[in-house]
Amino acid sequence: MQKGLLVIALAIILVFGVITTSIAEEVYKIGAILPLSGDAAQYGEWGKRGISLAVDEINSKGGINGKKIEVVYEDDAAEPKKGVSAVNKLINVDKVKVIIGPIPSTVTLAVAPICEKAKVVIMSSSSSPAITKAGDYIFRNWPSDDFEGSAMANYVIKKKYRNVAILHINNEYGLGVANVFKTEFSKQGGKVLITETYKQGISDMRPQLIKIKKYNPEAIYLVGHAKENGHVVKQARELNIKAQILGTVGIEGPDLINIAGDSAEGLVYTAPAFDPDSHDPTVKAYQQEYMKKFGKKSEIFAATTYDATKIMALMIGKTGYNPDAIKDGLYKLKDYPGVSGKTNFDRNGDVIKSVMFKTVKNKQFVPIKE
Amino acid sequence: MLLQFIVNGIVSGSLIAIMAIGFWFIYRATNLFHIAHGAVYTASAYVFYSLYVSKDISLSIALVLSLISSIIFGLVMYFIVYRPLEKKNASAGIKFISSLAIYIFMVNIIALIFGNETKILSEGLSESLSFGNIILTWIQVYQFLSFLILFILTYSFVQGTKSGRAIRAIGDNPVLFKAIGLNERWVKGMVFAIGSAIAGLASILTGIDVGIDPHIGMLALLNAVVAVIIGGIKKIEGIIIGSLLIGILQNLVIWQFSARWESAVTFFILILVLLYKSGGLFVVKKRVEEI
Amino acid sequence: MLLELTNIHAGYNGREILTGTSIRVNLDEIVALIGPNGAGKSTVFKAISGFISPRSGKIVFDGIDITSLETNKRISMGMGYFLQGGAVFNDMSIYENLEMGGANLKKSIFKERVEGALNLFPLLKDKLNKRAGLLSGGERQMLALGMIMLNRPKLLLLDEPSAGLAPRLVKGIMEKIVEISKTYNMAILLVEQKVGEALKIAHRGYLLKNGQVAFEGLPENIKEAISGRLVHA
Amino acid sequence: MNYLLHILIMISIYTILALSLNLPVGYTGLLSLAQAAFYGIGAYVMTLLMMKMGINFFVCMAIAIVFSAAVSLLVSYPSTRLHGDYFILASLAFQIIIFTILYNWIDLTRGPYGIPGIPRPEILGISFDNLYKFFVLSGGLALGVFLIAKRLYSSPFGLVLKAIREDELSATSIGKDVKKFKILAFAISSGMASVAGALYASYVTYIDPTSFNLDESIFILSIVLVGGSGNLRGPVIGTLLMILLPEGLRFLGIPDSVAPNVRQIIYAMVLILLMRFRPWGLAGEYRFG
Amino acid sequence: MGNILRLEGLTKNFDGLKAIDNLDLGVEAGKISAIIGPNGAGKTTLFNLICGYLYPDKGRIIYKERDITLLDPWRRAVSGIGRLFQDIRVFKKITLLENLLVTFNDNSENPFRAIFGRRNGKERKKIETVMKWLNFVGLADKKDHLAENLSWGQQKLLSLARLLCGDFELLLIDEPVSGVNPDMADTILEKIKELKGLGKTIIAVEHNMDAVEAISDYIYFMDSGKITAAGLPEEILNNQKVMDAYIGI
């Protein structure tokens, strides 16, 4: 019995060995690390749709210089440990030089040093400010939390709300944006009355809301994901809290409308410039294609990974499958017309994108036209 | 302010209590630490979802059907997994791990079928009631009332009927129970059926308020377990008080401190009770030779 | 013949304790089962009542092969099993204990038989609502016996009814056993450490040794067989 | 090759964890769901000392070992009073409390932000900065822990633990201070787990509390249960299987969308079947519980 | 020789039930004393009090002129009070050799010594001692078997050997011959008698009168938590009153 097990173990190791030495085919292999399972699986699914749409599009037009693109997806389950495993496999087994993803900042921070070391270009959709300094090869097509937090602070000041409560999810995203907002907002004379948190996955927000209600804020700034915020919005209205609801892009998602229904109407949130109903022809074409393939309008995460993939393909086409050249090319990229907005990268590899304000109208997420 | 928190705590406590009563039925009679009870909880809410929301079957029929399904889940778990282990005289640890494995199994099946997103059982806002400064939604009122009714039913069932007495008796002394010719298999099947149905009720009541996803079961179960341990396994009144205490306490922690310390406080109290009052806070003093 | 065990092999966790035990009990007979600790007396009871299933051998009760029946079926065929130490449900009141004992009876019959049981053990009468865990050893044994008697078994398996009782009470309980047996025409299989007491009331006896019957006969023969070497075999 | 090295490093880290948990589970019969807490304490203590005070990795690791051994009193004390389900629950509660502290004591641990940029270990001018070198380090430490475990298990100390596992009262009756031995066993176990934590932190160079949550504890426990406890073979075989299996499944071509769930379902079924038919694990010798 | 163990006014209640009732007892060193009495008389409770598994409500336990009433049970064992359990309690999943090796209480059990220390000649010496006692009870040829594979009687012998190997002075022996066949019982009794020659003090609880008669120097009759009669074997065993109360023939 024991010997048998040992044999099995050895066999598995051997199989790895064989696979690692297998010959790469005549395609450009791109890696993708996404949370395909676990808490953030939904984001992973959206990201995957964007990538596959872009790849299909490129390949149907004959690929890059005649070579097709193949994407190897790996699941990180939103856990850093699994992300590290995945990135090691992608770099060493699949020999990819370019990786799209990950989405959670914790995973990006864990895999960044590995990519930096291996000189593999990575384009994440994470928001943590810490990623700014993660390395030369580390890019992101998603604005840093600093961006959204300060944009909202400015907006609130402009709207003349002076007393705001914050209710954020208790993770790095929630804490990060809330802190940026608080700093900016206070600097400009606003007052954060109370900051409350909740655990991811929780659905009873009443205790927090009752506490907030006591302070009678003019607006409540929600930082978190669609699901939890759906409960927040619904329960806030049920508790007869009438304050203006503000949010971040995390709030955008079907769960918000599912859960909160009508009570979500009129909330205001920041988002990277992506307007699903834009009349811009590129966006329109993208939306049509997306609708055809997945039967619904594109989520913003799909748009960013779509753009990321297209940008990478563009670079490979220009400079060949050479990470150093791709990296340099990305720093020099100017005003790429992505579906998620005009795209530039600063010298830290952070995307420079305009932030737009959106609202919920008739159960749709729409830009606020000022 | 304080009052609103306490009222809120009582409502969330009564949801914990419903789950705890279900868990208690099973634990009392079989001494099984039924982690997979959390999976029954989740599964029955999904059955309800697919009947009531997806298939548009009327509320009462959907409710009855999903409670029946939860009974089936519970019975299948007992007879396929636990009973053979009982027959082999497996240790508590083995049953615990098996139960955990059933939980993982069920939750992943559910995630596979329905996906990870939240499903909504009822749309729109629930109407609110105000009593002075205190605001409650109708669903919260229903939740509390269901708890009251369930408690009264359970109490009279356990104290006043043959089957109820059998549950206490088998937990008290399983060997004697068999020796006086009573049907052990039947009673254990019965507690799994009742307990599972109650879990189903708990999840639907919660789900109607806040929606469901595949991972709701564990939290509900852990709260119930803490309530049962704190209240003491012997008496149903004890676990009710335990549940309400937990519910109120969790609300007060959020009020006075922050939600981030909620679970730490809950589990700290669990450890204290385990260490210094392992029979629970509300339990009759025993003579040494009874134990 | 009421009960017959033929060549029973049984044990726990792979260890064989009964190694070919054969025992008979006739109608209305009191049979004593004697032997040192570990000889397998309690195991015999467990095999008869179905708590363990024998690896081989046959058990016939009341003309029916019960070797593979479940405990509750066997008991309801007319067995009563008095567990060592007189087990009762400690957390329940005495009346509830009796209700458990008579759970399968019709209400009217139950009431009548409870009356009977309380007449038999009048000490229990005024403690009906007391928690059974608070009873003294003797009272507990009475209650345990009372619960069993409600079903009027044809065969009573008594596992050390005198255990834990003060010596002066032992005589009393032995007398009660004889009384019960006579009143209800009930056969009794008795395991008892107080061999003398047991043999006094038994009609027949078995000496059990290493999981087998070493000697079988009338009480006086058994006494002779262990001639002065009490208990010891 | 690097991928293989990565897997080998993960195997060495988890071998240490499995061997460490083997001590309470296989040698004193206590199922603990708190091992990830000690793993995390090791990782955090090492990281904080290294990054805030600039102390050498190996010194930090030594301090982490002592620290988590000291914290283990919070688990070993309950173990002297609770049995079965109740001890499992107490350890679970402890795990949740430690996680909550790591997650919410932001001033110290940076909480959910995690700590990026943890330096790789260095000693005598050698830096373990590539996978080969790191594997030498982690493999070496795993081997060290293995040898220590081996010596422990075959020593009078290990024997006393086995005796306690078999029969506590009996062990007391021959003069063994059961409480002391349980406390020692947990202290050593936590110390070992913190070695794994320190290794993990410096390998991944980024830590956040979610790497040390209840799921991780359950995972470590299932390694020991699947492999078997009470000897050296069991935990090692368990680790090989539980690390290689999911990695192997990456190559199986199960559609991504269902793979994680299918993996969990397979894993749950394996556990159920093992508990039913082979409760001492694939290569263990002790039926715990 | 004086009394190695003295019990003074020992009382233990279990919520109203007097298990041990103001009991006084002096046990002479180097002798075998037997305690007889009906089930439930409190014999095992008495043993548990002496070993420290229970603590008395009142009274004192003096061992070798030292008050040990509240001492931890393992410390009592270290100071020389050994116990043979009625239900044996050998360590089932380890070998016979290990069952005895574990009885030594010395600093080799320190885990740090186990990890870093050198394995010295002490080990060999210990094994020699263990083999001596395994030989004494006649189980030497089974030294590498797991204890669970022994018969009931052999397990009794093993636990007897465990007591001897642990070098206890006062042995509390609970029903040494119950459940074993006569040949084995004779062996065990013989071994117990030999122990007296080794200077051990023994207190035995036993139901088997032959056994009691065969080994004991002194008999205590216990009933309802009290010692109601005490004396030499021939006195007690021929005391009709005692025998009536006990055996009831």
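Small disclaimer: the values here were computed from a predicted structure and weren't measured.

1. Considerations on the overall build of chain C
A tally of regular secondary structure across chain C gives 8 helices and 10 strands. Out of the 233 residues in chain C, the part that is buried amounts to 59%. Considering only contacts within chain C whose residues lie at least 6 apart along the sequence, 67% involve residues at least 24 apart. Of the roughly 9100 Å² of accessible surface on chain C, 50% is carried by carbon and sulfur atoms. Once the 29 positive and 23 negative side-chain charges of chain C are each reduced to a mean point, those two points are 2 Å apart.

2. Remarks on the sheet that holds strand 7 (residues 155-159) of chain C
Residues and elements named next belong to chain C. Read from one edge to the other, the open sheet built from 6 strands follows the order 6-7-8-3-9-10, with strand pairing classed as mixed. Edge strands, defined here as strands with exactly one partner in the open sheet, are strand 6 (79-82) and strand 10 (212-217). In this sheet, adjacent strand axes meet at a mean angle of 15° when their direction is disregarded. Taken together, the 5 bridges between strand 7 and strand 8 (residues 187-191) define a ladder with parallel strand orientation. Each bridged residue has a counterpart across the sheet, and for Leu 158 the counterpart in strand 8 is Leu 190. Across the face of the sheet, helix 5 (residues 137-149) comes into contact with strand 6 and strand 7 while running at roughly 165° to strand 6.

3. Some points on the packing of aromatic side chains
Each aromatic ring pair is described using two quantities: the centre-to-centre distance and the angle formed by the ring planes. All told, the structure shown has 51 aromatic pairs over all chains when counted by the stated rule. Centroid distance Phe 144 of chain B to Phe 147 of chain B: 6.0 Å. Interplanar angle 45°. Geometry classified as tilted. Separated by 3 residues within a single helix, Phe 144 of chain B and Phe 147 of chain B lie in helix 5 (residues 138-160), roughly one turn from each other. The class for Phe 144 of chain B is partly exposed, based on a relative accessible area of 27%. By way of ring pairs, the aromatic residues Tyr 14, Tyr 39, Tyr 44, Tyr 200, Phe 212 and Phe 219 of chain D are connected into one cluster. The ring of Tyr 28 of chain A carries the charged tip of Lys 67 of chain A above its face, separated from the ring centre by 4.7 Å. The ring centre of Phe 219 of chain D lies 4.9 Å from the NZ or CZ of Lys 81 of chain A, which sits over that ring.

4. Here we look at the sheet that holds strand 7 (residues 170-174) of chain E
All names here are of chain E. The mixed open sheet is built from 6 strands, whose spatial order is 6-7-8-3-9-10. Of all strands in the sheet, those with a lone pairing partner are strand 6 (81-84) and strand 10 (226-231), marking the two edges. Across this sheet, the average inter-strand angle for adjacent strands is 20°, counted without regard to direction. Where strand 3 (residues 32-36) and strand 9 (residues 218-223) come together, 4 bridges link them in parallel fashion. Looking across to strand 9, one finds that Ser 33 is bridged to Tyr 218. Its contacts with the sheet place helix 1 (residues 43-51) against strand 3, strand 6, strand 7, strand 8 (201-205) and strand 9, and it is angled at close to 150° to strand 7. Lying on the sheet, helix 6 (residues 152-165) is in contact with strand 6 and strand 7; it crosses strand 6 at an angle near 175°.

5. Looking at helix 8 (residues 226-238) of chain A
All names here are of chain A. Between its terminal C-alpha atoms helix 8 stretches 18 Å, which fits the 18 Å expected from 13 residues at 1.5 Å a residue. Looking at helix 8, one finds that the buried residues are Ala 226, Lys 227, Glu 228, Asn 229, Gly 230, His 231, Val 232, Val 233, Lys 234, Gln 235, Ala 236 and Glu 238. Following helix 8 by one or two positions, Asn 240 has its phi on the positive side, about 65°.

6. Concerning the interface of chain B and chain D
A common way to report how large an interface is uses the accessible area buried once the components associate. Contact with chain B, which involves 39 residues of that partner, is made by 41 residues of chain D. Between chain B and chain D lies a buried interface of about 3500 Å² when both sides are counted; carbon and sulfur atoms form 78% of it. Applying the counting criterion to the chain B and chain D interface returns 0 salt bridges. Inspection of the region where chain B meets chain D yields 4 residue pairs in polar contact (both at pLDDT 80 or more). Within the residue set of the side of chain B that touches chain D, elements represented by two or more residues are helix 3 (59-87), helix 4 (92-114), helix 9 (216-231) and helix 11 (262-276) of chain B.

7. Re the confidence of the model for chain B
Chain-level pLDDT for chain B is 88 on average; 97% of the residues reach the 70-or-more range. Every residue in residues 287-291 of chain B scores below 50 in pLDDT, and together they form 14 contacts with partners more than four places removed in sequence or on other chains.

8. Considering the pairing of strand 3 (residues 30-34) of chain C
Residue and element names in this part refer to chain C. Extensive coverage of strand 3 is indicated by the burial of 5 of its 5 residues. Here strand 3 shows two buried faces, one formed by Ile 30, Ala 32 and Ile 34 and the other by Val 31 and Leu 33. Where strand 3 lies against strand 8, 4 bridges are found, and the strand directions are parallel. In the sheet register, Ile 30 faces strand 8, and the bridge partner there is Ile 188.

9. Let's talk about the environment of Ala 29 of chain E
Relative to the assigned elements, Ala 29 of chain E resides in the loop between strand 2 (17-28) and strand 3. As a C-alpha pair, Ala 29 of chain E and Leu 5 of chain E span 24 residues in sequence and 7.9 Å in three-dimensional space.

10. Some remarks on the arrangement of the chains
Ranking the 7 pairs of chains in contact by contact count places chains B and D at the top. No interface is formed between chain A and chain E, the nearest pair of C-alpha atoms being 20 Å apart.

11. Let's talk about the side chain of Thr 95 of chain E
Residue and element names in this part refer to chain E. Relative to the assigned elements, Thr 95 resides in the loop between strand 6 and helix 3 (96-101). The class of Thr 95 is buried, set by a relative accessible area of 15%. Contact partners of Thr 95, with chain neighbours within four places excluded, come to Lys 143, Asp 144, His 145 and Leu 146.

12. Digging into a nonpolar patch on the surface
Residues and elements named next belong to chain B. Among the surface-exposed residues, Ile 61, Val 64, Leu 65, Ile 68, Ile 72, Val 76 and Ile 80 lie close enough to one another that they form a single nonpolar patch of about 610 Å² accessible area. Within the secondary structure, Ile 61 is located in helix 3. Judged by its relative accessible area of 46%, Ile 61 is partly exposed.

13. Re the pairing of strand 1 (residues 28-34) of chain A
Residue and element names in this part refer to chain A. Counting buried residues in strand 1 gives 6 out of 7 residues, a clear majority hidden from the surface. Across 7 bridges, strand 1 lies against strand 2 (residues 69-75) in parallel orientation. Looking at the pairing, Tyr 28 lines up with Ile 69 of strand 2. Taken together, strand 1, helix 2 (residues 41-60) and strand 2 form a β-α-β motif whose crossover is right-handed. Relative to strand 3 (residues 98-100), strand 1 runs parallel, the two sharing 2 bridges.

14. A look at the packing of helix 1 (residues 2-28) of chain D against helix 10 (residues 178-204) of chain D
All names here are of chain D. Axis separation between helix 1 and helix 10 bottoms out at 9 Å; the angle between their running directions is 165°. By the criterion of interaxial angle, the relationship of helix 1 to helix 10 is roughly antiparallel. In the packing of helix 1 onto helix 10, the handedness of the crossing is left-handed. Along the contact surface, helix 1 presents His 6, Ile 9, Met 10, Ile 13, Ile 16, Leu 17, Leu 19, Ser 20, Leu 21, Leu 23, Pro 24 and Thr 28, while helix 10 presents Ala 185, Phe 186, Ile 188, Ser 189, Met 192, Ala 193, Val 195, Ala 196, Leu 199, Tyr 200 and Tyr 203. Of the residues belonging to the contact of helix 1 with helix 10, the class tally is 19 nonpolar, 4 polar and no charged.

15. A word on unusual backbone geometry
Looking along the chain, the bond that leaves Gly 101 of chain A and enters Pro 102 of chain A is cis, with omega of -10°. Inspection of the secondary structure assignment puts Pro 102 of chain A in the loop between strand 3 and helix 4 (105-118). At Asn 31 of chain B, a position not held by glycine, the phi torsion is positive, near 60°. Looking at where Asn 31 of chain B falls in the secondary structure, it is placed in the loop between helix 1 (2-30) and helix 2 (37-54). What makes Asn 31 of chain B exposed here is its relative accessible area of 56%. Although it is not a glycine, Arg 152 of chain C adopts a positive phi angle of roughly 45°. By the secondary structure assignment, Arg 152 of chain C is in the loop between helix 5 and strand 7.

16. Some remarks on the pattern of salt bridges
This structure, assessed with the given rule, holds 53 salt bridges over all chains. Close ionic contact of Lys 363 of chain A with Asp 262 of chain A constitutes a salt bridge, the shortest N to O distance being 3.8 Å. Here Asp 262 of chain A lies in the loop between helix 9 (254-260) and strand 10 (268-272) and Lys 363 of chain A lies in the loop between strand 14 (355-361) and strand 15 (364-367), a separation of 101 residues in the sequence. In this structure, the salt-bridge partner of Glu 65 of chain E is Arg 6 of chain E, at a minimum N-O distance of 3.4 Å. Placement of the pair is Glu 65 of chain E in the loop between strand 4 (58-63) and strand 5 (66-67) and Arg 6 of chain E in strand 1 (residues 3-14), with a sequence separation of 59 residues. What you see here is one network of salt bridges that share partners, running through Asp 204, Arg 206, Lys 234 and Glu 238 of chain A together with Asp 209 of chain B.

Analysis parameters
- Residues numbered from 1 in each chain as written.
- Chains lettered and ligands numbered in written order.
- Predicted model: local features only at pLDDT ≥ 70, side-chain atom pairs only at ≥ 80, totals over all residues.
- Heavy atoms only, no water.
- Helix = DSSP H or I, 4+ residues; strand = E, 2+ residues; numbered from the N terminus.
- Buried < 20%, exposed > 50% of the residue type's maximum accessible area, 1.4 Å probe, protein only.
- Contact = heavy atoms within 4.5 Å.
- Areas by Shrake-Rupley, 256 points an atom, 1.4 Å probe, with all protein chains shown as cover.
- Lys, Arg positive; Asp, Glu negative; His and termini not counted.
- Charge placed at Lys NZ, Arg CZ, Asp CG, Glu CD.
- Pairing = 2+ DSSP bridges.
- Axes fitted to C-alpha atoms, helices over the stretch in contact; angles between N-to-C directions.
- Phe/Tyr/Trp six-rings, centres within 6.5 Å; stacked < 30°, edge-to-face > 60°.
- Lys NZ or Arg CZ within 6 Å of the ring centre and 35° of its normal.
- Expected span 1.5 Å × (residues − 1).
- Buried area = accessible area lost by both parts, 1.4 Å probe.
- Salt bridge = Lys/Arg side-chain N within 4 Å of Asp/Glu carboxyl O.
- Polar contact = N/O pair within 3.5 Å; in protein donor to acceptor, adjacent residues only side chain to side chain.
- pLDDT = per-residue confidence, 0-100.
- Patch = residues over 30% accessible without salt bridge, like charges linked within 9 Å, V, L, I, M, F, W, Y side chains within 5 Å.
- Right-handed = clockwise from strand over helix to strand, strands pointing away.
- Parallel < 35°, antiparallel > 145°, perpendicular 65-115°, else oblique.
- Left-handed = near helix turned anticlockwise from the far one by under 90°.
- Nonpolar A, V, L, I, M, F, W, Y, C, P; charged D, E, K, R; others polar.

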